[in-house]
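# A closer look at the structure
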Amino acid sequence: MNVCTTFEDARGRVSGRVGLVPTMGYLHEGHLRLVETAAGENDATIVTVFVNPMQFDDDTDLDGYPRDLERDLGLAARAGADVVVAPSVTYVYPEDHRTTVTVAGVTDAMEGHHRPGHFAGVATVVAKLFAGLRPDTAYFGRKDAQQLAVIAAMARDLSFPVDVKGVPVVREVDGLALSSRNVRLSPDARRAASTLSAGLMAAADLIEDGSSDVAAILAAARSPMEADPLVRIDYVELADARSASPTRTLGGKQFIAVAAVVDGVRLIDSLTILDGDVDRGEVLPSSSILYGGT
Ligand code: PAF
């Protein structure tokens, strides 16, 4: 596996169909599933590791973001990556960088509302990755369902010839969606964090039982979080998968997204629904190799 610091160098090392897995590093099993999927579907797979300062609204969150490049390189290689690009902040954003990509509408609600500027940072860096690395297909986790909608809209609007693909959420045994932020949870917060997925699974049960009562479905999603004193809900919404507009009617491709602060750590999760079929994600049999740095 090659390790590069520039897009030009990385692009020069691959040929044929190229899959791209953008990450902020500190890889976990969810990232590895993206890499494995990309490696299975392409001639070459590029993984980027870049903690993008432009998408953080809070310096403490940026400074505290976990990093371990050496470990990431080993995991990416094992999952089938051909090239890892780990550029510097000054390479991605030189002093005279002046362009920001904003995606209207799809960023209005949920994460866009709670984290102003966040999606402009995501759209800008991913547009730079698409332009610099020219992938045929790019892979993103469905946990960040609104991010997936924002990136797909950006790619369509800017005519990037890339297929933007969502890959199912990977979960621990109790349902907690894998996230690099999970390492910041205290033991009590870790227990409380499972209420996000518990609510989503209760909502999934109702949908699969044929309910179309969206108020009841969203109430079921909220209920376990509301019962836990360590959890403060930011939002629970049903939204259209393409426009990310919240809706009160079930149908077509949609997602239920939840966001909550669990004892100081902000977590998100989501459930993708296609015409009554629910993608609950993949539950791992064991949590042994999920998080590094310890
Ligand atoms: O989902 C992430 O890890 C980031 O938002 C992404 C897509 C790598 C952009 O920095």
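Let me begin by describing the structure that accompanies this report. These numbers come from a predicted model, not from an experiment. (Residues numbered from 1 in each chain as written. Predicted model: local features only at pLDDT ≥ 70, side-chain atom pairs only at ≥ 80, totals over all residues. Heavy atoms only, no water.)

Right, let's get into the site of the ligand. Taken together, the residues surrounding the ligand are Pro22, Thr23, Met24, Asn52, Gln55, Val122, Val125, Phe140 and Gln147. In the environment of the ligand, an oxygen atom lies 2.6 Å from a nitrogen or oxygen atom belonging to the side chain of Gln55. In this structure, Gln147 approaches the ligand through a side-chain N or O atom, which is 2.8 Å from an oxygen atom. Burial of the ligand by the surrounding chains reaches 86%, relative to a free accessible area of 290 Å². Within the residue set of the shell around the ligand, elements represented by two or more residues are strand 2 (18-23) and helix 7 (118-133). Taken together, the residues of the shell around the ligand sort by class into five nonpolar, four polar and no charged. (Near = heavy atom within 4 Å. Polar contact = N/O pair within 3.5 Å; in protein donor to acceptor, adjacent residues only side chain to side chain. Areas by Shrake-Rupley, 256 points an atom, 1.4 Å probe, with all protein chains shown as cover. Helix = DSSP H or I, 4+ residues; strand = E, 2+ residues; numbered from the N terminus. Nonpolar A, V, L, I, M, F, W, Y, C, P; charged D, E, K, R; others polar.)

What follows covers the side chain of Ser180. Of note, Ser180 is situated in the loop between strand 7 (170-171) and helix 9 (187-208). For Ser180, a relative accessible area of 3% translates into the label buried. A polar side-chain atom of Ser180 sits 3.3 Å from the main-chain carbonyl oxygen of Tyr26. Contact partners of Ser180, with chain neighbours within four places excluded, come to Gly25, Tyr26, His28, His31, Tyr65 and Pro66. (Buried < 20%, exposed > 50% of the residue type's maximum accessible area, 1.4 Å probe, protein only. Contact = heavy atoms within 4.5 Å.)

Bear in mind that shape data such as this cannot, by itself, settle questions of function.
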